[in-house]
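Next come the chains, spelled out residue by residue.
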Amino acid sequence: MQKKSIDKEEVISHFNLSPTGGKGWYTASDLLCPNCGKGGGKFGIKIIDDSGLVNCWRCNYKDSIFNFLYKTNNYHLVNRGKKYGYVEELDDVFIQAPTNNDLPEEKLPIGFKRIHSNEYLESRGFESWQFEHFKVGITESVVERGWRDKLIFQIFNNGVRVGLLGRSTHSKEWHDRNLAKCKEDGSKPVLRYKNSGGDFSKMVGGLDDITPQTDTIIIVEGLMDKANIDRLINVNNQEFLRCVFMFGSSISETQVMLLKQFKNIKTVIILFDPDALIKVREIIPLLQSSFDFTFFGDIMWDVDPGEMSGKQLKIVLDNLKTPDEFYTGKLKKKKLSI
């Protein structure tokens with residue numbers, strides 16, 4: 001797997017940079033911040049080995065040098081000549097994973113009917129448009145015992161309904177009491193969740209939200225995570241950023257290839273909890289070979305993306321880590337703890 005890198009002298013020459021501040025930073029009077037649009041020597045570049053950072057001392061904008069070069073149409077300054085030390089070479093068969101999963105259409109439960117409000121979902125922040133977006137419904141049919149008392153969400157990939165997710169309409173406390181009762185009398189408990197049949201490792205939640213204008217996607221673990229991120233990024237008023245979910249803390253080859261079919265996607269941001277980021281390590285080489293940039297969102301609070309505030313999301317997106325930065329940091333912490 002080829003690592004993106006830069007040549008320090010080439011970047012200095014291209015932007016006509018000069019040292020500033022004595023801490024490794026360079027700037028130029030006409031070097032502009034892509035966030036606030038101002039320059040005057042207040043936007044700097046710091047080159048660290050064959051990578052680097054950028055920083056605006058006016059608006060406090062921070063980013064990796066690779067993201068900055070992409071945003072400013074200077075991606076020609078990036079080369080791919082060096083290999084990451086923590087990944088293996090990809091086999092040809094790995095790279096050629098199928099993009100067309102040919103999943104059959106999933107039928108709706110008998111008696112399914114759409115709903116446009118729900119106390120539980122609204123308590124989790126669901127807005128009226130999201131009932132339509134996820135095509136939420138219920139069934140009260142006596143022949144659909146597994147789906148009764150469940151909120152049913154429809155999953156579409158390439159225009160085909162490929163899966164259903166069911167979530168109980170009862171509270172967690174109700175299920176705790178139900179579980180305790182069933183343990184006493186030996187009856188079968190009511191499950192909090194139910195998924196349709198089919199291989200969910202061949203589906204991507206929110207795939208059909210991606211448009212030709214989308215160049216960045218955020219990957220989260222579950223539907224409620226996506227629902228919250230969609231609200232925070234104001235998904236209805238912009239198309240460049242979209243959020244998708246993976247039905248748990250793993251990413252399959254097929255899911256990567258489903259995303260790769262969109263040639264306009266340049267940047268992938270994985271917003272999993274730290275333990276889950278360790279689990280997806282093996283799939284990172286495929287992501288890095290498929291997209292220009294792969295970043296990890298470092299969640300610094302005891303919350304998941306489904307509970308994050310707008311301020312917290314902004315902090316995470318302002319402090320993205322490359323996979324090697326994340327994994328190297330984990331290895332250093334592990335050594336320090338020994």
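Remember, it's a predicted structure, so these values are computed and weren't measured experimentally.

**Some details on the packing of aromatic side chains**
(1) Moving on: As enumerated under the stated definition, the model contains 11 aromatic pairs in all.
(2) Moving on: Ring centres of Trp 25 and Trp 57 lie 5.5 Å apart, and the angle between their planes is 75 degrees; on these two criteria the pair is classed as edge-to-face. One end of the pair, Trp 25, is in strand β3 (residues 25–27); the other, Trp 57, is in the loop between β5 (51–56) and β6 (62–64), with 32 residues separating them in the sequence.
(3) Moving on: Residue classification places Trp 57 among the partly exposed residues on the basis of a relative accessible area of 42%.
(4) Moving on: Ring geometry for Phe 134 and Phe 153: centres 6.4 Å apart, planes at 85 degrees, overall edge-to-face. One end of the pair, Phe 134, is in the loop between α5 (128–133) and β9 (137–138); the other, Phe 153, is in strand β10 (residues 150–157), with 19 residues separating them in the sequence.
(5) Moving on: With relative accessibility at 4%, the residue Phe 134 sits in the buried group.
(6) Moving on: Among the residues examined, Phe 153 registers a relative accessible area of 3% and is labelled buried.

**Here's the deal with helix α1 (residues 8–15)**
For an α-helix, the turn length of 3.6 residues means that residues three or four places apart are oriented alike.
(1) Moving on: All of the buried residues along α1 are Val 11, Ile 12 and Phe 15. Here the buried residues of α1 occupy an arc of 100 degrees about the axis, which is enough to place them on one side. Exposed side chains of α1 directed beyond 90 degrees from the buried face belong to Glu 9 and Ser 13.
(2) Moving on: N-capping of α1 is provided by Asp 7, with a side-chain oxygen placed 3.2 Å from the backbone N of Glu 9.
(3) Moving on: Taken from the residues just after α1, Asn 16 is the one with a positive phi, measuring 55 degrees.

**What about the sheet that holds strand β4 (residues 43–48)?**
Neighbouring strands of a sheet are bound in pairs by backbone hydrogen bonds; such pairs are parallel or else antiparallel.
(1) Moving on: In spatial order, the strands read β2-β3-β4-β5-β6; together these five strands make up an open sheet with antiparallel pairing. Among the strands making up the open sheet, the edge pair consists of β2 (18–20) and β6. Each strand of the sheet is rotated relative to its neighbour by a mean of 35 degrees, with strand direction disregarded.
(2) Moving on: Sheet topology note: the β5/β6 ladder contains three bridges and is antiparallel. Looking across to β6, one finds that Leu 53 is bridged to Ser 64.
(3) Moving on: Its contacts with the sheet put α1 on β3 and β4, and the angle it makes with β4 is roughly 165 degrees.

**Focus: the confidence of the model for the protein chain**
(1) Moving on: The pLDDT averaged across the protein chain works out to 84; a share of 89% of its residues lies at or above 70.
(2) Moving on: In this model residues 81–100 is a low-confidence stretch, pLDDT under 50, and it forms 43 contacts with partners more than four residues away in sequence or in other chains.
(3) Moving on: Low pLDDT (under 50) marks residues 334–338, which in the prediction has zero contacts with non-local residues, meaning those over four places away or in another chain.

Parameters and conventions
- Residues numbered from 1 in each chain as written.
- Predicted model: local features only at pLDDT ≥ 70, side-chain atom pairs only at ≥ 80, totals over all residues.
- Heavy atoms only, no water.
- Phe/Tyr/Trp six-rings, centres within 6.5 Å; stacked < 30°, edge-to-face > 60°.
- Helix = DSSP H or I, 4+ residues; strand = E, 2+ residues; numbered from the N terminus.
- Buried < 20%, exposed > 50% of the residue type's maximum accessible area, 1.4 Å probe, protein only.
- Arc of directions from axis to C-beta.
- Polar contact = N/O pair within 3.5 Å; in protein donor to acceptor, adjacent residues only side chain to side chain.
- Pairing = 2+ DSSP bridges.
- Axes fitted to C-alpha atoms, helices over the stretch in contact; angles between N-to-C directions.
- Contact = heavy atoms within 4.5 Å.
- pLDDT = per-residue confidence, 0-100.

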